[in-house]
Amino acid sequence: NGIRNQLQSHPDGFFSLLAPYEDNLDKDLEIHLSGTEELPEQISLIKTFCQNNQLDEKQLYYIELFIEEITVFIVEKGFTDSRKKEIDIRVYIDSEDVIIRTRDNGNSITVMERMELLEKLQDGDYMGVQMVYKLAQEMQYITTMNINNFIITLPKRRKRKDEKN
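Please read all numbers here as calculations on a predicted model, not as lab measurements.

Turning next to the overall build of the protein. Tallying secondary structure elements over the protein gives four helices and seven strands in all. Mapped in sequence order, the helices and strands of the protein form the string β-β-β-α-α-β-β-α-α-β-β. Looking at the protein as a whole, 44% of its 165 residues are labelled buried. Expressed as a percentage of contacts within the protein between residues at least 6 apart in sequence, the contacts between residues at least 24 apart total 63%. Carbon together with sulfur atoms contributes 50% to the accessible area of the protein, which is approximately 9300 Å² in total.

With that out of the way, let us pick up the packing of aromatic side chains. Counting across every chain of the model gives two aromatic pairs. Measuring from centroid to centroid gives 5.9 Å for tyrosine 61 and tyrosine 62, while their planes differ by 55°, and the two rings are tilted. Exposure remark for tyrosine 61: the relative accessible area of 43% places this residue in the partly exposed category. Using a relative accessible area of 15% as the deciding quantity, one classes tyrosine 62 as buried.

Looking now at the nonpolar core. Counting residues in each nonpolar core, the largest one holds 32 residues, and the members touching the most others are Ile63, Phe66, Ile67 and Ile100. Of the residues forming this core, the biggest block, nine residues, is contributed by helix α2 (residues 57–78). Not counting residues up to four positions away in its chain, the partners in contact with isoleucine 63 are Ile46, Cys50, Leu55, Val98, Ile100 and Leu154.

Here helix α1 (residues 39–52) is 14 residues long and its end C-alpha atoms lie 20 Å apart, about the 20 Å a rise of 1.5 Å per residue gives. Three or more residues of α1 are buried, namely Leu39, Gln42, Ile43, Ile46, Phe49, Cys50 and Gln51. On its buried side, α1 packs onto β3 (28–33), α2 and β4 (87–93). The first or second residue beyond α1 is glutamine 54, which carries a positive phi of 65°.

Model confidence for the protein is summarised by a mean pLDDT of 77, while 71% of its residues fall at 70 or above. Across the protein, β4 holds the top mean pLDDT of 94, while strand β1 (residues 7–9) sits lowest at 42. Within the model, pLDDT remains below 50 along residues 1–25, and this stretch shows 43 contacts once partners closer than five positions in the same chain are excluded.

What counts, and where the lines are drawn
- Residues numbered from 1 in each chain as written.
- Predicted model: local features only at pLDDT ≥ 70, side-chain atom pairs only at ≥ 80, totals over all residues.
- Heavy atoms only, no water.
- Helix = DSSP H or I, 4+ residues; strand = E, 2+ residues; numbered from the N terminus.
- Buried < 20%, exposed > 50% of the residue type's maximum accessible area, 1.4 Å probe, protein only.
- Contact = heavy atoms within 4.5 Å.
- Areas by Shrake-Rupley, 256 points an atom, 1.4 Å probe, with all protein chains shown as cover.
- Phe/Tyr/Trp six-rings, centres within 6.5 Å; stacked < 30°, edge-to-face > 60°.
- Core = buried A, V, L, I, M, F, W, Y, C linked by side-chain atoms within 4.5 Å.
- Expected span 1.5 Å × (residues − 1).
- pLDDT = per-residue confidence, 0-100.

Pasting the structure below:
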């Protein structure tokens, strides 16, 4: 058992830890990116997934904007060399929360860069990250086995019956 059974292999030797919510796949979407070029298509998948899970349009907007901007941030700050970019984004929806986890093989964010990010959030840069930061119940940044994990938990907002897709 242990950690070996929790590892999932990705192309080019990139590994991710499987989360305990792995068995609830209808409420779980994971996408894999190698840069920002694939973002529009992947954002469309995320939008459909969130709509199918009855999230309201305002929360859907925040999620899309957050994922777009955090991916740009990861690419700009995390990859200063020519290594292949591996970015996984998982959106998990349960009865009370929406959990977004990004995982990448870029450079770890130093304490100074974390402070810089918080300063930029206060100054209005990375608007989507800033909005979600204010709405978040919890945010975590963890580096494990040279993999950066950013996890954000948002309260779930269901679509009203009179709201259309």
